[in-house]
Each structure stands twice: as C-alpha cells, then as structure tokens.
Protein chains: 2
Amino acid sequence: MVMTRELFPLVGVDIALFCVGDESLRVMLVRRAQAPHAKRWALPGGILKPHLDSSLESAARRVLAEKVSIELPLVEEVRTFSGPDRDPRGWSVSVLFYALLPLDKTSAVVKSKIEALEWADALSTDHKLAFDHSEHLSCAVQKLRAKVAADVLPLHLLPEKFTLRQLQRVTEIILGHPLDKSSFRRRLKESRDLVELDEYVRGPQRPAQLFRASESFSF
Amino acid sequence: MVMTRELFPLVGVDIALFCVGDESLRVMLVRRAQAPHAKRWALPGGILKPHLDSSLESAARRVLAEKVSIELPLVEEVRTFSGPDRDPRGWSVSVLFYALLPLDKTSAVVKSKIEALEWADALSTDHKLAFDHSEHLSCAVQKLRAKVAADVLPLHLLPEKFTLRQLQRVTEIILGHPLDKSSFRRRLKESRDLVELDEYVRGPQRPAQLFRASESFSF
C-alpha cells in the first residue's frame, strides 16, 4: 500500500457553498468529525470514488448531496490545490468547486447528526480552517467576485422570483461596495438574463415588480 | 494492482504552449510515440510523479522542461478533465495548463529524437487530437482570449523589447479581429504594465519606440 500511495496521489474535492443571509455573503463550514484535523472547521469535501463518480464535478455533487437536500444548478470548478504537505495522509490533489444556494433554500441544508454546520461570513479573514481551506475560501470568493464584477448577474443566489432591489443588494454584498441605482437599472434593462413577471410585491414606497432568470441564463 | 487502480485515479498534466508565428496563434503539438493513441498528435503531457513534483504546476513545468530549454515565466491552470472513459488506462484526471512562449524564443524548443513536434494553428478546428485534447485546446484558447478581451496585455507572447505595433498585432491575432489603433494607443498610455525605453527601431514610416513589460506585470 505504501508503494501505491507513492505512485497515486490522494484525489478529493472541496466545495465552497455560498448563500446570502443577514446582509452578508455566507459560506457553509462543517466541523470535521474525523482525523486529520478532527474538530476543526473546514469546507465540506470528500475523496473521489472512481466506482461512484463519473467526473470530479459529479464527485462534488455527491459530496454536496450529503449536506443539501436539493439539486444545485451551479457547481463550478475554481482551481486545484496540490502537493506533498497539504494533507498528512500524503501527496494530495484537491479540486475546489463553488456552488450557489438561493436565498430561500437555506432550509434545504440537512444537518447530519455527527457533524456541526455553520454559515460563516465568507468575507471575514478570521477563519482558521483545516488543511489549506482558508486559501480555498479566498480563491472561491475571488472567482465569484470576478464574475459579478464582469457583469454576470448573481441570479443563482436569489429566490426564484425577486425584485430589482433584491438583485442590486445581493450584487452589492458580493462586490463589497454600493452601486449607483440608475446605472445598475439601465444595465438590467439591456440584460437578456431577466424576465419581467406580471406580479408585484409591496415595496418600500410603491409595489415592486417581480422578475425571474431567463431560461438561457448561465452564470 | 487492479484494486488500487480502482481506488486511485491516474493523475496527469497537459499543457497548451502558445506562441505567435506566421501571423497566427500557434500551439505546440507532439506526436505520441507510445500507446495509448500512439502516432496521434496531442498536447504535451505526462503523469504526475509524486516523488519528483511538489505540485501539479511543478509537474507541468517538469513536462515542459523536456520540450523547451528555457524557464517559462507563465504556466497557468485552465481546468480539470476527468472521468472513467477519457483514457483507456482507467479513471483519470488531467489538469490542463497553458503557457506562453515569447515570439523570439521558439528556437528554445528542443525537438527530442523520438517524437515529432509541430506548431499548429491554435484557432483551427481541424485538429483531431488524441484523448480529449481537442476540447483541452479549445478551453485553453478560450481562457487566453477571455484574459486578453478583459484588457490584460499579452506581453508574455512578445519579445523582451517590442514596438506598440507588434503589441497591437499580437493582441489582434489572439482576439481574431482588428483593433482601432487610436483607442488601443490611448489605453496603452494609461497602462502601468508598459515601460518606455529610450531605444528605437526602424518603423514603416518613422523610427518606432521600443517598450518592455514592467516588473509588476502579471498576466
């Protein structure tokens, strides 16, 4: 077994599952039940199972399915982390993915009996996570921000129907700064990713129209 | 051995090494000497060697060092490809990188006796490459284009000293369309990535000033 472990690195996946809550970007952390790094907080992850998984992405979806009871539309690769020292079990490769959970689906997160779950502030730099997961988290946040900064709307983080006010707020939370309302609205008018609905909710001053993501939207 | 191959996937790296030549974006292909896919053209690649490599990127640099006699400044991860069917040897992970070779360094490419090398048109879709390397190539081109489209200057593809005319041409070749000269020049004036030199070469009408990348430039 020692010989084969020298020839074949350990291959796993880790996932930064984001949602927006309490006016901030949140990431799911789990407290590890087993060694290595037992009792420490980490991103959820698992070892690739070649007999079960048809790809690294499907491994990430399998690991997520143990934590979240809904199918997530978006699971996207961020980058790999690798080397002899990042896991005490030996030379290892971790492929990091991020996934986005809509605002109204956090109740779909299933807390298993043996481990503790937490929605931590994703932008805080205070997390001392297991393995190299603090670096994982900052890379995942950076990728998410870069997409939103490049004008991709973070519709996967919103409920199925949402107001433009909600959309602007989620966008601002990810970017970490306020946006000018009139230029943001102008941009949304030209967007093919939004579908107007003939439904309204009570707004702060007057009824606010609801929108949904178009079928062709991709993050 | 069969059991371990079921538990541990094969992990390798593949590299799309780009340069600009003959007014087009070129990618290095090698003709495979050994099975699987012997005699077919492929991106250069190799199996991760945990006892030699300190990371997947250093594996990519090791594989490149067998082909190119200079240290390449830029070797960047594109994404992973994985699954049970992409390599006849079993469940495998390939981590794709791209690297950029400056215009005046193509002579640094060492042709080994046992394999044939070719600089193929990277934008042609006619390549029927071994494994899933045709898809690798199109993903690497897409990543390179996205960077250049997001206004990152492709300075790694230029010689150490270059004219603005050369820079515009290389940028146009990658993007696949001409750029307006005056707005491109305006953008370059504001760029912190360029350093003016007090050196000139003969230009089409008058002497053309030479430039180099600033120390802080990163692609």
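Residues numbered from 1 in each chain as written. Chains lettered and ligands numbered in written order. Predicted model: local features only at pLDDT ≥ 70, side-chain atom pairs only at ≥ 80, totals over all residues.

(A) Structural detail: the pairing of strand β8 (residues 194-201) of chain B. All names here are of chain B. Taken across its eight residues, β8 has zero buried, putting it largely on the surface. As judged from the five bridges shared by β8 and strand β9 (residues 208-213), these two strands associate in the antiparallel manner. Along β9, the bridge assignment pairs Tyr 200 with Gln 209. The antiparallel pairing of β8 with β9 creates a hairpin that spans six residues between the two strands. (Buried ≥ 20, exposed ≤ 12 C-beta atoms within 10 Å, placed from the backbone. Helix = DSSP H or I, 4+ residues; strand = E, 2+ residues; numbered from the N terminus. Pairing = 2+ DSSP bridges.)

(B) Focus on the interface of chain A and chain B. Chain A puts 20 residues into the contact, and the matching count from chain B is 20 residues. Of all the secondary-structure elements, those providing two or more residues to the side of chain A that touches chain B are α1 (2-7), β5 (75-83) and β6 (92-100) of chain A. For the side of chain A that touches chain B, a count of residues per class yields 10 nonpolar, seven polar and three charged. (Contact = placed C-beta atoms within 7 Å. Nonpolar A, V, L, I, M, F, W, Y, C, P; charged D, E, K, R; others polar.)

(C) Fine view of the nonpolar core. Core analysis: the biggest nonpolar cluster contains 93 residues, and Ile 15, Ala 16 and Phe 18 of chain A together with Ile 15, Ala 16 and Phe 18 of chain B have the highest contact counts within it. In terms of residue count, the dominant contributor to this core is strand β1 (residues 10-21) of chain A (nine residues). Once you skip the residues sitting within four places of it in the chain, Ala 16 of chain A turns out to touch Val 27, Leu 43, Leu 96, Tyr 98, His 136, Leu 137 and Ala 140 of chain A. (Core = buried A, V, L, I, M, F, W, Y, C linked by C-beta atoms within 7 Å.)

(D) Just the packing of helix α3 (residues 133-149) of chain B against helix α4 (residues 164-175) of chain B, in detail. Residue and element names in this part refer to chain B. At a minimum axis distance of 9 Å, the contact between α3 and α4 shows a crossing angle of 130 degrees. Judged by the angle between their axes, α3 and α4 are oblique. In the packing of α3 onto α4, the handedness of the crossing is left-handed. Counting all contacts with α3, which are made through Leu 144, Arg 145, Val 148 and Ala 149, the residues of α4 involved are Thr 171, Ile 174 and Leu 175. Here the contact of α3 with α4 is built from residues that sort into five nonpolar, one polar and one charged. (Axes fitted to C-alpha atoms, helices over the stretch in contact; angles between N-to-C directions. Parallel < 35°, antiparallel > 145°, perpendicular 65-115°, else oblique. Left-handed = near helix turned anticlockwise from the far one by under 90°.)

(E) Seen up close, the relation of the copies chain A and chain B. Note on the identical chains: chain A maps onto chain B by a rotation of 180 degrees and an axial translation of 0.0 Å, with an RMSD of 0.0 Å. Look at the turn and shift together and you get a two-fold axis relating the two. Considering only C-alpha atoms, the part of chain A nearest the rotation axis is Phe 8 of chain A, at 3.0 Å. Comparing interface residues between copies, 100% of those in chain A also lie at the interface in chain B; the contact surface is shared. (Least-squares fit on C-alpha atoms with pLDDT ≥ 70 in both.)

(F) Region of interest: helix α2 (residues 56-65) of chain B. Residues of α2 of chain B that are buried: Leu 56, Ala 59, Ala 60, Arg 61, Val 63 and Leu 64 of chain B. Contacts made by the buried residues of α2 of chain B are with β5 and β6 of chain A together with β1 (10-21), β4 (45-47), β5 (75-83) and β6 (92-100) of chain B.

(G) The domain arrangement of chain A, seen in detail. All names here are of chain A. Domain annotation for chain A reports domain 1 (2-149) and domain 2 (158-213). Each of domain 1 and domain 2 was reduced to a C-alpha centroid, and the two centroids are 30 Å apart. When contributions to the side of domain 1 that touches domain 2 are tallied by element, the ones reaching two or more residues are β2 (24-31) and α3 (133-149). Sorting elements by how many residues they give to the side of domain 1 that touches domain 2 places α3 first, with four residues. Considered class by class, the residues forming the side of domain 1 that touches domain 2 number eight nonpolar, one polar and three charged. (Domains from an automatic or database assignment.)

(H) A look at the environment of Ser 82 of chain B. By secondary structure assignment, the location of Ser 82 of chain B is in strand β5. Residue Ser 82 of chain B is classed as buried on the basis of its 25 C-beta neighbours within 10 Å. Separated by 12 residues in the primary sequence, Ser 82 of chain B and Ser 94 of chain B place their C-alpha atoms 6.3 Å from one another. Non-local contacts of Ser 82 of chain B, meaning those with residues more than four positions away in its chain, are made with Ser 55 and Leu 56 of chain A together with Ser 92 and Val 93 of chain B.

(I) Layout of the environment of Val 11 of chain B. The topology assignment puts Val 11 of chain B in strand β1. For the pair Val 11 of chain B and Arg 145 of chain B, spaced 134 residues apart in sequence, the C-alpha to C-alpha distance is 27 Å. For Val 11 of chain B, the contacting residues outside a window of four places in its chain are Pro 9, Val 11 and Val 93 of chain A together with Leu 48 and Val 93 of chain B.

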